[in-house]
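A structural walkthrough
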Amino acid sequence: MMRQAGRYLPEYRATRETAGSFLDLCFSPELAEEVTLQPIRRFNFDAAILFSDILVVPYALGRDLRFEEGRGPLLEPITAADICSLDRAGFHDRLQPVYETVSRLSNSLPAETALIGFCGAPWTVATYMIAGHGTPDQAPGRLFLYQHREAFEDLMRILSERSAEYLIRQAEAGAEVLQIFDSWSGVLDEESFALACVEPVRHIVTKVREKFPDIPIIGFPKGASEFLEHYREKTGVTALGLDWTVPPNRAKHLANQGCVQGNLDPLRLLAGGSALERGIDAIMSKLSGSPFVFNLGHGILPATPIEHVEAMIRRVRG
């Protein structure tokens, strides 16, 4: 599940307390390995997703990053003039603990459990770099795109190139599948979507495939709606992650063109009971038999009861 090692597990919360800060947890290979393994031990999922954060990429480019309880990630907002001074020289050195975590996991996971590496898509990462924090509609990022087009394209090129390198290093360390999260693609108009979401991910996929031609790559453009087919065709991703707003009939149409992943509403999992059962059954009745990975349509919510996760797994596997 997306964000599977999240705050809904008591063993995660205990490890998180041991680590100190969230960033310390991301950059401690031993602890990051542990929290990646925790949901596998408990639920025996078919795949484990590396525990890290999408914002380690701007951190590795020399940007200040911290996480505050109740506020989330905070960065120093980047300006158009700052982009040329992003520190690319020490990028992989700063990310070495992540590569060590992947290597450790490739040895410690059960043989039948796939390991998924990931990065944030350049657009979504850029929105946090520009605003300095999360916003409801990423207006600062969109305004930056409109007012500083050339600087924005420079930022996309840097993030695309470094994100591709980051994923290649993860694959070299043992990741068997790669996922690109574009959590804020749904706020863009058609022209901006092509510029900010499609082209950077296309570049990442192309660069990764030069080194690993057969590695599966999942693209998750949340909220992309009418642009989903265009996104898959133009980026070349292997599988398409679907958020919960994509109806089952549309998901089936997309699955006829290639693998899809998703797309249970995380609030149904939080609610449990008949709401959860109806959501699961609607997805399974349409997509069983198609190339399909059952998953949530976005990250699991911290308050989700563990027994609801157990009920979901029983129903899907049943």
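Let's talk about the side chain of Asp 53
The residue Asp 53 is located in the loop between strand E1 (47–49) and helix H4 (56–60) in this model. Of the residues examined, Asp 53 reaches a relative accessible area of 16% and is grouped as buried. Polar contacts involving the side chain of Asp 53 include one to the main-chain amide nitrogen of Leu 55, which spans 2.9 Å. Setting aside its immediate chain neighbours within four residues, Asp 53 contacts Phe 22, Cys 26, Phe 67 and Phe 118.

Section: the packing of helix H6 (residues 122–131) against helix H7 (residues 139–147)
Viewed as axis vectors pointing N to C, H6 and H7 meet at an angle of 95°, and their least axial separation amounts to 8 Å. Considering their axes alone, H6 and H7 lie roughly perpendicular with respect to each other. Taken together, the residues of H7 that come into contact with H6 (itself represented by Trp 123, Ile 130 and Ala 131) are Pro 140, Gly 141, Arg 142, Phe 144 and Leu 145. The class makeup of the residues in the contact of H6 with H7 is six nonpolar, one polar and one charged.

Re the pairing of strand E6 (residues 217–221)
For E6, a buried count of five out of five residues is recorded, marking the element as mostly surrounded by other parts of the structure. Taking every second residue as pointing to the same face, both faces of E6 are buried, with Ile 217, Gly 219 and Pro 221 on one and Ile 218 and Phe 220 on the other. Across five bridges, strand E5 (residues 177–182) lies against E6 in parallel orientation. When the sheet's bridge partners are listed, Gln 179 is paired in E6 with Ile 218. When E6 meets strand E7 (residues 239–241), the two strands line up parallel, connected through two bridges. Within E7, the position partnered with Gly 219 by the bridge is Leu 240. Read from E6 through helix H10 (residues 228–235) to E7, the crossover connection turns out right-handed.

Examining helix H13 (residues 273–287)
Look at H13: 22 Å from first C-alpha to last across 15 residues, which is about the 21 Å you get at 1.5 Å a residue. Within the sequence span of H13, burial applies to Leu 276, Gly 279, Ile 280, Ile 283, Met 284 and Leu 287. One side of H13 holds all its buried residues, which, seen down the axis, span an arc of 120°. When the buried face of H13 is taken as reference, the exposed residues oriented beyond 90 degrees from it are Arg 278 and Ser 285. Of the surrounding elements, those touching the buried residues of H13 are helix H11 (248–255), strand E8 (260–264), helix H12 (266–271), strand E9 (292–296) and helix H14 (306–317). Once H13 ends, the next one or two residues include Gly 289, with phi positive near 95°.

So, the sheet that holds E8
Backbone hydrogen bonds hold the strands of a sheet together, and the pairing may be parallel or antiparallel. Overall, parallel pairing links the seven strands, which are arranged E1-E4-E5-E6-E7-E8-E9 in an open sheet. With partners counted over all chains shown, the strands left at the sheet margins are E1 and E9, one partner each. Adjacent strand axes in the sheet meet at a mean angle of 25°, parallel and antiparallel pairs treated alike. The strands touched by helix H8 (residues 149–173) within the sheet are strand E4 (114–120) and E5, with E4 carrying the most contacts at an inclination of about 165°.

Quick notes on unusual backbone geometry
Cis geometry is adopted by the peptide bond preceding Asn 263, which originates at Gly 262 and carries an omega value of -10°. A positive phi is found at Asn 44, a non-glycine position, where the angle reads about 55°. If you trace the backbone, Asn 44 turns up in the loop between helix H3 (29–43) and E1. For Asn 44, a relative accessible area of 43% gives the class partly exposed. Its identity as a non-glycine residue notwithstanding, Ser 225 has a phi of 50°, on the positive side. Inspection of the secondary structure assignment puts Ser 225 in the loop between E6 and H10.

Some remarks on the environment of Pro 58
Mapping Pro 58 onto the fold places it in helix H4. Taking relative accessible area as the criterion, Pro 58 reaches 0% and is therefore assigned buried. It is 7.3 Å that separates the C-alpha atoms of Pro 58 and Met 129, two residues lying 71 residues apart in sequence.

Calculation rules
- Residues numbered from 1 in each chain as written.
- Predicted model: local features only at pLDDT ≥ 70, side-chain atom pairs only at ≥ 80, totals over all residues.
- Heavy atoms only, no water.
- Helix = DSSP H or I, 4+ residues; strand = E, 2+ residues; numbered from the N terminus.
- Buried < 20%, exposed > 50% of the residue type's maximum accessible area, 1.4 Å probe, protein only.
- Polar contact = N/O pair within 3.5 Å; in protein donor to acceptor, adjacent residues only side chain to side chain.
- Contact = heavy atoms within 4.5 Å.
- Axes fitted to C-alpha atoms, helices over the stretch in contact; angles between N-to-C directions.
- Parallel < 35°, antiparallel > 145°, perpendicular 65-115°, else oblique.
- Nonpolar A, V, L, I, M, F, W, Y, C, P; charged D, E, K, R; others polar.
- Pairing = 2+ DSSP bridges.
- Right-handed = clockwise from strand over helix to strand, strands pointing away.
- Expected span 1.5 Å × (residues − 1).
- Arc of directions from axis to C-beta.

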